[in-house]
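Structural overview for review
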Amino acid sequence: MTSLAVSATGIKISPSYMPVSDTSMHVTDGSLFGKSVFCKTHSTRSLAIANVATRLPATVPPPETEVSCERKLAAWTSVRQERWEGELVVEGEIPQWLKGTYLRNGPGLWHIEDYNFRHLFDGYATLVRLHFENGRLIMGHRQIESEAYKAAKKNNKLCYREFSEAPKPKNFLAYIGSLAKLFSGASLTDNANTGVVKLGDGRVVCLTETIKGSIIIDPDTLDTLGKFEYSDRLFGIIHSAHPVVTDTEFLTLLPDLVNPGYMVVRMEAGTNERKVIGRVNCRGGPAPGWVHSFPVTEHYVVVPEMPLRYCAKNLLKAEPTPLYKFEWHPQSKGFMHVMCRASGKIVASVEVPLYVTFHFINAYEEKDEDGRVTAIIADCCEHNADTTILDKLRLQNLRLFSGNDVLPDARVGRFKIPLDGSPYGTLEAALSPNEHGRGMDMCSINPNYVGKKYRYAYACGAQRPCNFPNTLTKLDFVKKKAKSWYDEGSVPSEPFFVPRPDATEEDDGVVISIISDKNGEGYALILDGSTFEEIARAKFPYGLPYGLHGCWVPKK
């Protein structure tokens, strides 16, 4: 990863921040595993300081370090140090009603010693905390102490199977042993680098697609508290990385790789026991389709069966294939299944046009004039049935943007699933893809509208040319229009919507995003959910890696 090597520029970092905690650092030469990964920074425009505390305890500040001018954008570089916390200087004004903590999870460490990971999804989890109270903002970040991360730190090598990486066996016997560990799930990672959710009982859990990668953290300190242990005896080693979580329940899907299908399960708030609602048998094959996420309505669970299917053969390979742990089976077709949440009965199973999606946005029930449910509408970030998006997320592709327009097209795909027994459903764009630059992913909505008819969504779109979504975009499905925020050369992470308490309008709230800018710096951005105009930002002491998904923890 020579593009990330330090060059002797003599530039020093002088961050605008107010440190608030004395945390121990685990840094070797400015990095976690002995290799520097810093980028050159420049001073930003002068800030209008607002609401900064006057008395704060001492801390260990970010290290002053020489940084590289070879690569300015910090989004695709490993996090500088294991942890940091401090109060940020706010430019603009944070609403006084915004009281709570935004947590964002994602891969943030992509190397071990001189070994560099291949794919965005491989990195060890970095959790970022933005705590809002009385117009002030405190930021912190910390590595999640998974067994995979701790083993890598201890042994200076990869010890568990990640998304595109696998430990190299020393000999044939070691290879046979690694296969046995794969089938039992023992060699799969617990690197919970995908999402973070607040359960109805207040526990906060970081997740990935392996069930063992469910890790409880403290939202105030970011301490890793331990594994989330499911108390049931349900079989399986993987689940959807994006459960649907409310104040009362946790819904997820368990793919069955042996007898292709999906178990739909529910866990009540305050328990660790998953209970089976029902099972969906796959209509295509040879394996279940990848279910990174799925939507629900008030009365139904929507189970997607995508022709991008899990592949045991690729799982066994030490080196990645173009589609990693999956295979594309267009001849097996694409399907959408609908299950009643109360009875577990399948009320619809329809063939739909081929599709590729990581993230569903929302779903709701379409009713006739008599109030009878006639169809399910399910929206997703759909990549025009183009599987190349997976390989576009290799780190070398993300780091070596040449100015060419290489981001594959995407749209808001809207499925209509009839409940009248029809064998086919439809898939169309919910609005013109040109409205959002033909880029679309990382959506969020007002959480009060999950499973209900809704009007607005917030996503990452595109300002072409680009190699990755580079705008924050508000989508209006009634007017079929989009409005975008764009900072040239920057990479924004998921726009997360927080509704204003007691709001009566769907878009009354704020949108929070973490930005990696072109100068190697980073900042928290707050947009008005209605006007989609910037209302505040706060610069970080240094740029942070790109992150994936977040959650909101209200102030108690």
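First, a word on scope: everything that follows refers to the structure included in this document. (Residues numbered from 1 in each chain as written. Predicted model: local features only at pLDDT ≥ 70, side-chain atom pairs only at ≥ 80, totals over all residues. Heavy atoms only, no water.)

Moving on, we come to the pairing of strand S25 (residues 373-382). Counting buried positions along S25 yields eight of ten residues, so the element is predominantly enclosed. Two successive antiparallel strands, strand S24 (residues 357-367) and S25, enclose a turn made up of five residues, where Gly 371 displays a positive phi of approximately 85 degrees. As paired elements, S25 and strand S26 (residues 411-418) share eight bridges and run antiparallel to each other. For Cys 381, the partnering residue across the bridge sits in S26 and is Val 412. (Buried < 20%, exposed > 50% of the residue type's maximum accessible area, 1.4 Å probe, protein only. Helix = DSSP H or I, 4+ residues; strand = E, 2+ residues; numbered from the N terminus. Pairing = 2+ DSSP bridges.)

Below, the discussion takes up the pattern of salt bridges. With the rule as written, the count across this model stands at 35 salt bridges. The salt bridge partner of Arg 464 is Asp 409, with a shortest N-O separation of 3.3 Å. You can see Arg 464 sitting in the loop between strand S29 (456-461) and strand S30 (471-476) and its partner Asp 409 sitting in the loop between helix H5 (395-399) and S26, a full 55 residues away along the chain. Take Asp 409: its relative accessible area is 33%, and that puts it in the partly exposed class. (Salt bridge = Lys/Arg side-chain N within 4 Å of Asp/Glu carboxyl O.)

Turning our eyes to something else, we now look at the sheet that holds strand S28 (residues 441-444). What the four strands build is an open sheet, ordered S28-S29-S30-S31; its pairing is antiparallel. Pairing within the sheet leaves two strands with one partner each, and these edge strands are S28 and strand S31 (481-486). Taking each pair of neighbouring strands and ignoring which way they run, the sheet shows an average axis angle of 25 degrees. (Axes fitted to C-alpha atoms, helices over the stretch in contact; angles between N-to-C directions.)

We now examine the sheet that holds S24. Strand order in the open sheet made by the four strands is S24-S25-S26-S27, with antiparallel pairing throughout. Each having just a single partner strand, S24 and strand S27 (426-429) make up the two edges of the open sheet. If you compare each strand with its neighbour and ignore which way they point, the axes differ by 25 degrees on average. One ladder, built from four bridges, connects S26 with S27; its direction is antiparallel. Bridge pairing in S27 places Gly 413 opposite Ala 429.

We now examine the packing of aromatic side chains. Taken as a whole and judged by the stated rule, the model has 22 aromatic pairs. Here the aromatic rings of Trp 76 and Tyr 546 are separated by 5.3 Å at their centres, their planes lie at 45 degrees, and the arrangement is tilted. Residue Trp 76 is found in the loop between strand S2 (49-50) and strand S3 (83-88), and its partner Tyr 546 is found in the loop between strand S36 (534-539) and strand S37 (549-554); the two are separated by 470 residues along the sequence. Residues Trp 76 and Tyr 546 agree in their burial class; the two are buried. By the ring-pair criterion, three or more aromatic residues cluster together here, those being Phe 121, Phe 163, Trp 290, Tyr 310, Tyr 324, Phe 326 and Phe 358. The ring of Tyr 230 has Arg 274 sitting right over it, with the charged end atom 4.2 Å from the ring centre. We note Arg 537 situated over the ring of Tyr 523; from NZ or CZ to the ring centre the distance is 4.3 Å. (Phe/Tyr/Trp six-rings, centres within 6.5 Å; stacked < 30°, edge-to-face > 60°. Lys NZ or Arg CZ within 6 Å of the ring centre and 35° of its normal.)

Quick look at the pairing of strand S23 (residues 346-352) now. Note: strand S22 (residues 334-340) against S23, six bridges, orientation antiparallel. Each bridged residue has a counterpart across the sheet, and for Gly 334 the counterpart in S23 is Val 352. Here S22 folds back onto S23, and the loop between the two strands holds five residues, one of which, Gly 344, carries a positive phi near 80 degrees.

In short, the description is geometric, and any link to function would need to be established separately.
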